[in-house]
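Examining the three-dimensional arrangement
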Amino acid sequence: MSTVNVVGLGYIGLPTALMFATHGVSVVGTDYNRDLVDKLSAGELTFEEKGLDELFRAALDAGIEFRCDYIETDTYIVAVPTPYDKDSKRIDPTYVISAVKSVLEVCPDGATVVLESTVSPGTMDRYVRPLCEGIGKTVHLVHAPERIIPGNMVYELEHNARTIGADCPEIGEAVKALYASFCQGEIVVTDIRTAEMTKVVENTFRDINIAFANELTKICRQADMNVYEIIRIANKHPRVNILSPGPGVGGHCISVDPWFLVGDYPGLANLIWQARKINDSMPEFVLGRIHDIMREHGIRDVSRVGLYGLTYKENVDDVRESPTLQMLECMERHLAGGVKVYDPWVCRDIVENQYHDLDKFLADVDIVVLLVGHSEIRENMDKLSGKIVLDTRNVCDLPGTYRL
Ligand SMILES: NC(=O)c1ccc[n+]([C@@H]2O[C@H](COP(=O)([O-])OP(=O)(O)OC[C@H]3O[C@@H](n4cnc5c(N)ncnc54)[C@H](O)[C@@H]3O)[C@@H](O)[C@H]2O)c1
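No experiment lies behind these values; they were computed from the predicted model shown. (Residues numbered from 1 in each chain as written. Predicted model: local features only at pLDDT ≥ 70, side-chain atom pairs only at ≥ 80, totals over all residues. Heavy atoms only, no water.)

So, on to the packing of aromatic side chains. Counted by the stated rule, this structure contains nine aromatic pairs. Judged by centre distance (5.6 Å) and plane angle (25°), the rings of Y84 and W259 are stacked. Of the two residues, Y84 sits in the loop between β4 (75-78) and α4 (94-106) while W259 sits in helix α10 (residues 257-264), which places them 175 residues apart along the sequence. With relative accessibility at 12%, the residue Y84 sits in the buried group. (Phe/Tyr/Trp six-rings, centres within 6.5 Å; stacked < 30°, edge-to-face > 60°. Helix = DSSP H or I, 4+ residues; strand = E, 2+ residues; numbered from the N terminus. Buried < 20%, exposed > 50% of the residue type's maximum accessible area, 1.4 Å probe, protein only.)

Here the protein is partitioned into domain 1 (4-194) and domain 2 (281-403). For domain 1 versus domain 2, the separation of C-alpha centres amounts to 36 Å. Contacts between the two partners involve six residues from domain 1 and, on the opposite side, eight residues from domain 2. Both faces combined, the contact of domain 1 with domain 2 buries some 620 Å², and carbon together with sulfur accounts for 50% of it. Broken down residue by residue, the surface that domain 1 buries against domain 2 is led by Y11, E48 and P150, which jointly contribute 72%. On the surface where domain 1 and domain 2 come into contact, there are zero salt bridges. Our enumeration of links across domain 1 and domain 2 arrives at three residue pairs in polar contact (both at pLDDT 80 or more). Of the residues that constitute the side of domain 1 that touches domain 2, the class distribution is four nonpolar, one polar and one charged. (Domains from an automatic or database assignment. Contact = heavy atoms within 4.5 Å. Buried area = accessible area lost by both parts, 1.4 Å probe. Salt bridge = Lys/Arg side-chain N within 4 Å of Asp/Glu carboxyl O. Polar contact = N/O pair within 3.5 Å; in protein donor to acceptor, adjacent residues only side chain to side chain. Nonpolar A, V, L, I, M, F, W, Y, C, P; charged D, E, K, R; others polar.)

What follows covers the site of the ligand. Residues in close proximity to the ligand total 27 residues, the closest being I12, D31, Y70, T82 and R320. Interatomic distance of 3.5 Å between a backbone N/O atom of V80 and an oxygen atom of the ligand. Its free accessible area being 840 Å², the ligand has 93% of it covered by the protein chains. Of all the elements, α4 adds the most residues to the shell around the ligand, at three residues. Residue classes in the shell around the ligand are distributed as 15 nonpolar, eight polar and four charged. (Near = heavy atom within 4 Å. Areas by Shrake-Rupley, 256 points an atom, 1.4 Å probe, with all protein chains shown as cover.)

Moving on, we come to the nonpolar core. Counting 39 residues, the largest nonpolar core has L18, F66 and Y179 as its most contacted members. Put simply, the parts of the chain that give this core at least two residues each are β1 (4-7), α1 (13-21), α2 (34-41), α3 (52-61), α6 (153-159), β7 (162-166) and α7 (169-179). When residues of this core are assigned to their parent elements, the largest contribution, six residues, is made by α1. Those residues in contact with Y179 that lie beyond four places of it in its chain are F20, I77, V114, E116, A144, R162, I164 and I187. Ranked by size, the runner-up nonpolar core spans 35 residues in total, among them C220, L287, L307 and I367. (Core = buried A, V, L, I, M, F, W, Y, C linked by side-chain atoms within 4.5 Å.)

The six strands are arranged β11-β10-β9-β12-β13-β14 in an open sheet whose pairing can be described as parallel. The open sheet has two edge strands with one neighbour each: β11 (354-355) and β14 (402-403). Pairing of strand β9 (residues 305-308) with strand β12 (residues 367-370) involves four bridges; the strand directions are parallel. When the sheet's bridge partners are listed, G306 is paired in β12 with V368. Each of β9, β12, β13 (388-391) and β14 is contacted by helix α12 (residues 282-296), which is oriented at about 160° to β13, the strand it contacts most. (Pairing = 2+ DSSP bridges. Axes fitted to C-alpha atoms, helices over the stretch in contact; angles between N-to-C directions.)

Right, dumping it as structure tokens:
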């Protein structure tokens, strides 16, 4: 089998490249970020993830290479960012277009270009296919969206089911065989538009379900009822599965992908739009809870408030679209500054008054707002005794804990 060129070595591209490399596939990883390529080439990982270090070492032993240029080969896997345009809510295809253009410059006739990035349904036809026309060579386009969850990526790469969208069954089956080198889950082959829509639908379903839980939270707050107990009991119904409420929805997937449908189908994607609005309103709702608790305890100085957690979910270092960052933005508008922040997973300083030591952070605050349920705090709940705790993740069972 010829070498696979994985383009984009971020949260998705890197583990995927490593997985191929450790399962008998020759791999060159390409990223236009020189620092990132230098780090990887020097044997340094660029983000933390359970099991990634061992996988990285094994891939280096297997001969994986990292570089900034694109190589001439038969198969490319593209995993570059796909943000949405904040005004139109439609996909911003800039990264995809630019990466595919670079690949097309070097690829041979008959090459296969697999797009792993999540895209709005129709992106391949609208933005990628036209790039392949009139270039004097045939290129097979495939969409193979990724489903893995940060925090459990290595396990899920091997065990999740996958979808492969291709123009013809032969190409779909060939790409399926490539992924089957490491993927033990079912691999469904379909057409490209179905694969595009399916991936966006999966994340939209989760966003709507979380929005329902968040709306219930607001209703239960007004009704003075325990939303967690209600969801726990309701989920005993064999056909009910309500997800957990929280301080908002972050990350590069669930808080982004539903917008693609809102942007492309205005007037039709009404439920999806409402769900986005409800989830985006949660950081402000938490802020209201903090205000109430400060008032109840006669605390006026916001610098006595500490926010635990900066990442968008537990046990990862990814802060993209994080509810805590959204809340800090809100706070700047509504409260005087000075709030303190700590996250064991975020080593670099990204906000003001950021701490890097749990004990020092706790010593300097009276109110602790749990915004992320990292294992660190779950294992150190006793350190919160004596503090006023607002728990937005339902992880703290100390008496007197305030909830959403
Ligand atoms: N992060 C997740 O949990 C997750 C899960 C499933 C799907 N996805 C999807 O996967 C895609 C990639 O997301 P990510 O989280 O890995 O992004 P990322 O920002 O972590 O990584 C993208 C990488 O691509 C590189 N890049 C961008 N343009 C390039 C180009 N033209 N040539 C070479 N390198 C280029 C960047 O330098 C970066 O290192 C997105 O579409 C995302 O929606 C992400």
